[in-house]
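Analysis of the macromolecular model
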Amino acid sequence: VPVPEDIYRLALFFLMTQIEYCFINMESLATPRRVERDYAVLLVLGASTVALLLSRSKGPLPPGPMALPLLGNLPQMPRSEEWNTYAEWAEKYGDITYLTIFGKPMIILNSLKVVRALMNERSANYSNRPYSAMNEFCGLTWILTNADGEAHRIRRSVVQRYFSGLAAVKHRSHQQDEARVLANNLLKSPELIELHLKGHAASSILLGAYGFRVEGAKDSLVQQMDETFEHGNRFPGFASFLLEKIPAMRNYPRWMPFSGFRAYGDLVTRIFQAIRADPYERTMKLIASGKAAPSFVSTSLDDLAAETSLSDKEREERVELIKDCACVMYGAGTDSSTATMGTFCMILALHPEILKRAQEELDKVTGGERLPTFDDERDLPYIDALFWETLRLIFRDPTVFTNPDQFRPDRFLGEKGKQCRDVLTLVWGMGRRACPGRQLAEASLFITMATIASCFDITPKSTDPLPQLEFSSGFIRRPKLFPVNITPRSSKWKEILEREVLPAVYS
Ligand code: HEM
């Protein structure tokens, strides 16, 4: 029997969905305003309530803050710096905290011990994504990060074959070039640091995946991709919740009242299909004109051509798979790399003593006469430690890293440093979902950090008061960039950079 709580909950979803639609930009949908009819609301409310009741979870659950009847833990959810609230909850409830938001369960793993136990040792149990009617509704089941079971396994093996292990080494030449292009861009217009960092990450990944570089974050393709992911995030939360709870809603008739979400679903499906197809088409044109650099797409197509026993249908499926895998690399890799490089630059501005020590080490290896290369890697332990400590900032378990708020690259030096690195593999995720772009990202970030530290002094534009390094909330912890001066260490370094960037740009 439906309880009043469920009816209120659903009534609230509908109400909020409509309110949200008033705030999002619906112009592109050209949907005429629909007449709202009470009987339709009652019908859907009834069906939804039954579905909600059937989907109720039973069984013992981990402890967590007391949930309110309708909203769950929504009022207690932190609006910013969520990691501090999660740490407080860990003190109170232990390593695993259970929450619900509008009936949707959420589990926070709060220590290295439980993350390892669940995500690594029992990866087979915990690596699947919960079924998402919303992903199906928007045609997003092909994305590796959403896929499960066999579809996930196949996509991962395709991606790993080209981006992990020894295969990652093939990307080093363009990664070194892109690091130099970034340094040159920072030399020319340091005030555009945010755009340059984004353009650099995008270009490095697009080169690996599709074989072309972009001129920067303003490139139409980069903007198209960003807008697409943004669109996905803007899907009205309550409509998405409703779809998850009642998947049959994806067939909700378009002529019914409140069916605006279907038009929005069509839009999201269309634009996701476009970012899957458009960069692929760009590569096909480059291949046709003989100008394509070797990439994941071109190599995979060559491999496909060499397999003579496949039927036409199998070939078509393989091409679709190649499109899926290339596209996801951009989505998964760009923002994470941009955030890490942004953090690195802000850290250097706040810690001149660290930058000086890095430059001393680099000068010893390069003689202060050239930019660093991958061949220098083994002689640059401090740069390596700097790289690890920058990633470590998101890992704040004080029982593992003492004073986690302090930036101390020395943690990663010497014998003890090796143990710290082992622990820090956590930042790449664990088990079956661990980051397949890890080696690619490690190499790209290392050479870019070494190049930037070689060429520039970085200082905050204003030191009174000294800026604090703050981070935004969300899936990726992004640094809030404060204004900085980025100047070549000397006129000699300006010349070195200008000299060495030319082959990078024109090769
Ligand atoms: C600083 C850089 C990066 C960090 C910290 C990072 C971190 C992570 C983490 C923690 C996961 C696991 C998420 C989960 O458990 O569901 C992940 C997944 C993934 N990463 Fe990365 N990543 C980085 C860069 C990259 C790059 C450069 C690429 C590609 C070029 C990439 C591609 C992927 C993909 C495709 C997945 C999904 C794997 C799956 O669901 O099986 N990442 N990454």
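Scroll up to find the structure this text is about.
The rules we used
Residue numbers restart at each chain and count upward from 1, following the sequence in its written direction. Per-residue local features of the predicted model are confined to residues with pLDDT of at least 70, and side-chain atom pairs are confined, for both listing and counting, to 80 or more; whole-chain, interface and lining totals are unaffected and use all residues. Side-chain metrics rest on all non-hydrogen atoms present in the structure, leaving aside hydrogens and water. Numbering goes from the N terminus for both helices and strands, where a helix is a DSSP run of H or I of at least four residues and a strand is a run of E of at least two. A simple rule labels every residue: compare its accessible area, found with a 1.4 Å probe on the protein chains alone, to the largest value its type can have, and call it buried under 20%, exposed over 50%, or partly exposed in between. Note on definitions: a residue-residue contact is assigned when non-hydrogen atoms from the two residues lie within 4.5 Å. Accessibility throughout is a Shrake-Rupley quantity obtained with a 1.4 Å probe, and a residue counts as covered only by protein chains that appear here. Here a donor is any nitrogen, oxygen or sulfur atom (N, O, S) within 2.8 Å of the metal, with 3.2 Å used for Na, K and Ca; water is not among the atoms considered, so some sites may look incomplete. Any residue with at least one heavy atom within 4 Å of a molecule or strand is counted as near it. Pairing of N or O atoms within 3.5 Å defines a polar contact, subject to two protein rules: one partner must be a possible hydrogen donor and the other a possible acceptor, and residues neighboring in sequence count only if both atoms are side-chain atoms. Salt bridge, as used here: a side-chain nitrogen of Lys or Arg that lies within 4 Å of a carboxyl oxygen of Asp or Glu. Only rings of Phe, Tyr and Trp enter the pairing, Trp through its six-membered ring, and a pair is recorded when the two centres are within 6.5 Å. The plane angle decides the type: under 30 degrees is stacked, over 60 is edge-to-face, the rest tilted. Only lysine NZ and arginine CZ atoms are considered, and such an atom sits over a ring when it is within 6 Å of the ring centre and within 35 degrees of the ring normal. In this description, strands pair whenever DSSP reports at least two bridges between them. A helix is expected to reach a length of 1.5 Å times the quantity of its residues less one.

When its secondary structure is counted, the protein shows 19 helices and 4 strands. Looking at the protein residue by residue over its 507 residues, the buried ones come to 49%. Put simply, of all contacts in the protein between residues at least 6 apart along the chain, 72% involve residues at least 24 apart. Within the structure as shown, the protein displays about 25,400 Å² of accessible surface, and the carbon and sulfur contribution to it stands at 56%.

Another aspect to go through is the coordination of the iron atom of the ligand. Counting protein donors to the iron atom of the ligand gives just one, Cys435 (SG), placed at 2.3 Å. Residue position: Cys435 is located in the loop between helix H17 (414–424) and helix H18 (438–455).

Among the 23 residues in the neighbourhood of the ligand, the closest are listed as Arg129, His152, Arg156, Arg433 and Cys435. One nitrogen or oxygen atom from the side chain of Arg129 is found 2.8 Å from an oxygen atom belonging to the ligand. Separating an oxygen atom of the ligand from a side-chain N or O atom of His152 is a distance of 2.6 Å. Every element with two or more residues in the shell around the ligand is listed here: helix H7 (149–163), helix H14 (312–350) and H18. With 6 residues, the single largest contributor to the shell around the ligand is H14.

Throughout the structure, instances matching the rule amount to 31 salt bridges. For Lys198, the salt bridge goes to Asp335, with nearest N and O atoms at 3.7 Å. With a gap of 137 residues between them, Lys198 in helix H9 (residues 193–210) and Asp335 in helix H14 connect regions that are remote in the sequence. Asp335 sits in the partly exposed class, given a relative accessible area of 25%.

As a further point, take the packing of aromatic side chains. Going through the model one piece at a time under the given rule, you end up with 11 aromatic pairs. A centroid spacing of 5.6 Å and a plane angle of 90° characterise the contact between Phe395 and Phe401, whose relative ring orientation is edge-to-face. Taken as a pair, Phe395 and Phe401 share a single burial class, namely buried. Over the face of the ring belonging to Phe401 we find Arg392, whose NZ or CZ atom lies 5.7 Å from the ring centre. One cation-aromatic arrangement involves Arg477 over Trp83; the distance from NZ or CZ to the ring centre is 4.2 Å.

Next up on the list: the pairing of strand E3 (residues 456–460). Burial along E3 is one-sided: the residues Phe456, Ile458 and Pro460 are buried and none of Asp457 and Thr459 is. The pairing of E3 with strand E4 (residues 484–488) spans 5 bridges and is antiparallel. Counterpart to Ile458 in the pairing with E4 is Ile486.

The end-to-end C-alpha separation of helix H3 (residues 82–93) is 16 Å, in line with the 16 Å expected for 12 residues at 1.5 Å each. Of the surrounding elements, those touching the buried residues of H3 are strand E1 (96–101) and strand E2 (104–109). Among the residues trailing H3, Gly94 stands out with phi positive, at a value near 100°.

Here we take up the side chain of Gln359. Note that Gln359 resides in helix H15 (residues 352–366). Only 3.1 Å separates the side chain of Gln359 from the backbone oxygen of Ala453, close enough to count as a polar contact. Filtering out sequence-adjacent residues up to four positions away, Gln359 remains in contact with Ala453, Phe456, Asp457 and Arg489.

Among the structural elements, Gln175 can be located in helix H8 (residues 172–188). Overall, the relative accessible area of 2% leaves Gln175 in the buried class.

Right, let's get into unusual backbone geometry. In this model, Asp464 is joined to Pro465 through a cis peptide bond whose omega is 0°. Even without glycine at this site, Glu81 takes up a positive phi of about 40°. By the secondary structure assignment, Glu81 is in the loop between helix H2 (38–54) and H3. Not every positive phi belongs to a glycine, and Asn403 is a case in point at roughly 45°.

When you line up the elements, Glu194 lands in helix H9. In sequence terms Glu194 and Met341 are 147 residues apart; their C-alpha atoms lie 9.8 Å from each other.

It is worth stressing that arrangement in space is one thing and function is another; only the former is reported here.
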